[in-house]
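Remarks on the overall topology
Below, each chain spelled out in residue letters.
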Amino acid sequence: MTSDSDRQRLQSLVDSAQHAIAQKASASPLELPYTPPDHRPSPEIETLDWLRAGIFALAAALLMVTVLAFTSNGTWRPAADLLSVSRIQSYAWPVISIFLLLSSLFALLPQQVSARRQRAVSIYPSIMAATMGCALTFSASFLPWAAVVLAAISCIAGFLGIRELNRHTARNTLERLLTDAPLSLCTGFSLVFTAQLFFAAAEWNGQTHAAKALLALLALAVMASVAAHSERGRHALALGFVAGTLAVALAQWLDGAGPWWLSIASVLCGLVVVVAAENRRHQITHAEHRIARGMPVDS
């Protein structure tokens with residue numbers, strides 16, 4: 001017969017097993033290291049949704065018209081010796097503006113116009129496109145400090161938009177391509193372009209200001225890396241930033257605008273941002289693999 005001590009020992013084992021099962025059930029091993037997508041149906045479309053989407057489309061169209069006008073007639077002449085992106089800006093800005101216009105048209109679709117992430121995000125690319133269009137106009141009109149201020153506002157709007165995108169993760173690949181990527185690409189390139197405008201306005205040209213250019217590139221690389229190392233890794237932002245830094249490096253190297261070490265530092269700053277985005281993608285892939293095996297995600 002089973003003694004009282006054996007029954008107590010058996011009951012203790014049962015209690016321990018039940019406690020372990022309860023702890024495992026209460027644990028949350030499926031929690032991803034970013035905000036999960038919200039797959040709830042979109043709210044009913046309101047008049048304000050159409051107004052917000054229309055403003056976004058108007059701002060994107062304004063940027064595209066401005067870019068195409070200045071690149072076609074040759075009146076677009078911002079110049080800065082140390083941080084010049086002039087070698088690619090005639091190609092980069094049309095691509096970015098068309099990409100933003102596609103994003104605004106995507107936001108007008110019935111399944112997108114009232115989506116929660118569009119309600120949270122679309123105001124920021126609207127501000128970014130409108131202010132950057134005005135900045136390009138002022139830059140071509142030889143109003144450098146007005147261009148700097150508006151370009152800086154555009155960058156701030158881009159970062160705020162990325163913050164909202166991080167809070168409202170894309171529900172599918174199409175949203176990631178047509179909502180996240182245009183905003184991120186424009187933000188990455190705008191950082192370097194704004195630095196060009198600032199150095200031109202301050203007349204910090206020539207190799208005597210190379211140390212200032214290096215500090216500016218390092219500061220921009222830190223900001224871009226933080227933004228790129230978010231959500232699943234923002235490679236579009238890294239692409240925009242590295243395009244700008246490579247253009248700067250080419251101008252410094254081929255035109256003799258800066259010392260040789262500054263052109264190398266420009267390339268390295270761009271690569272750092274790419275590595276930050278790729279590192280984030282690796283972290284997320286590792287976390288998803290652990291979840292697929294039923295293992296808790298590393299903190």
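Residues numbered from 1 in each chain as written. Predicted model: local features only at pLDDT ≥ 70, side-chain atom pairs only at ≥ 80, totals over all residues. Heavy atoms only, no water.

Residues Leu83 and Trp93 are the most contacted members of the largest nonpolar core, which totals 63 residues. Residue contributions to this core peak at 13 residues, all from helix 8 (residues 173-202). Apart from residues no more than four positions distant in its own chain, Leu83 is found in contact with Ala195, Gln196, Phe199, Ala213, Ala216, Leu217, Val248 and Gln252. (Core = buried A, V, L, I, M, F, W, Y, C linked by side-chain atoms within 4.5 Å. Buried < 20%, exposed > 50% of the residue type's maximum accessible area, 1.4 Å probe, protein only. Helix = DSSP H or I, 4+ residues; strand = E, 2+ residues; numbered from the N terminus. Contact = heavy atoms within 4.5 Å.)

The next point concerns the packing of helix 8 against helix 9 (residues 210-228). Viewed as axis vectors pointing N to C, helix 8 and helix 9 meet at an angle of 155 degrees, and their least axial separation amounts to 10 Å. It follows from the interaxial angle that helix 8 and helix 9 lie roughly antiparallel. Taken as a pair, helix 8 and helix 9 cross one another with a handedness that is right-handed. For the pair formed by helix 8 and helix 9, the contact residues are Leu191, Val192, Ala195 and Phe199 on the first element and Lys212, Ala213, Ala216, Leu220, Met223 and Ala224 on the second. Across the contact of helix 8 with helix 9, the residue classes tally to nine nonpolar, no polar and one charged. (Axes fitted to C-alpha atoms, helices over the stretch in contact; angles between N-to-C directions. Parallel < 35°, antiparallel > 145°, perpendicular 65-115°, else oblique. Left-handed = near helix turned anticlockwise from the far one by under 90°. Nonpolar A, V, L, I, M, F, W, Y, C, P; charged D, E, K, R; others polar.)

A cluster of nonpolar side chains, Leu250, Trp253, Leu254, Trp260, Trp261, Ile264, Leu268 and Leu271, forms an exposed patch at the surface whose accessible area comes to about 870 Å². Among the secondary structure elements, those contributing two or more residues to the nonpolar patch are helix 10 (235-254) and helix 11 (260-292). Of the residues forming the nonpolar patch, the biggest block, five residues, is contributed by helix 11. By the element assignment, Leu271 lies in helix 11. Note on Leu271: relative accessible area 43%, which makes it partly exposed. (Patch = residues over 30% accessible without salt bridge, like charges linked within 9 Å, V, L, I, M, F, W, Y side chains within 5 Å. Areas by Shrake-Rupley, 256 points an atom, 1.4 Å probe, with all protein chains shown as cover. Salt bridge = Lys/Arg side-chain N within 4 Å of Asp/Glu carboxyl O.)

In this section: empty space enclosed by the protein. For the coordinates displayed, the defined rule picks out two cavities of 30 Å³ or more. One number sums up the size of the largest cavity: a volume of about 100 Å³. Lining the largest cavity are Asp38, Arg40, Pro41, Ser42, Ala115, Arg116, Arg117, His168, Thr169 and Arg171. Split into classes, the residues belonging to the lining of the largest cavity amount to two nonpolar, three polar and five charged. (1 Å grid on protein atoms, 1.4 Å probe; cavity = no way out; pocket = protein on both sides within 12 Å on 5 of 7 lines; lining within 4 Å. Points joined across faces, edges and corners; volume = space filled by probe spheres on them.)

Structural remark: α-helix, 3.6 residues per turn; residues separated by three or four positions point the same way. Here helix 7 (residues 144-167) is 24 residues long and its end C-alpha atoms lie 35 Å apart, about the 34 Å a rise of 1.5 Å per residue gives. Its buried side turned inward, helix 7 meets helix 5 (116-121), helix 6 (123-140), helix 8, helix 9 and helix 10. (Expected span 1.5 Å × (residues − 1).)

Further remarks concern unusual backbone geometry. We note that Glu203 has phi near 60 degrees; this positive angle belongs to a residue other than glycine. For Glu203, the position within the fold is in the loop between helix 8 and helix 9. Overall, the relative accessible area of 61% leaves Glu203 in the exposed class.

Another point: the packing of aromatic side chains. Within this structure, the stated rule accounts for six aromatic pairs. Arranged with centres 5.3 Å apart and planes meeting at 80 degrees, the rings of Trp93 and Phe189 form a pair that is edge-to-face. Remark: Phe189 occurs in helix 8 and Trp93 occurs in helix 3 (residues 89-107); sequence separation between them is 96 residues. Each member of the pair, Trp93 together with Phe189, is buried. Aromatic side chains Trp145 and Phe198 sit 5.7 Å apart centroid to centroid with 80 degrees between the ring planes, which places their arrangement in the edge-to-face category. Within this pair, whereas Trp145 is found in helix 7, its partner Phe198 is found in helix 8, the two being separated by 53 residues in sequence. The exposure class assigned to Phe198 is partly exposed, which follows from its relative accessible area of 30%. Taken together through their ring pairs, the aromatic side chains of Trp145, Phe198, Phe199 and Trp204 make up a single cluster. A cation sits over an aromatic face here: Lys212 above Trp204, 4.3 Å from the ring centre. (Phe/Tyr/Trp six-rings, centres within 6.5 Å; stacked < 30°, edge-to-face > 60°. Lys NZ or Arg CZ within 6 Å of the ring centre and 35° of its normal.)

Any functional reading would require information that these geometric values do not contain.
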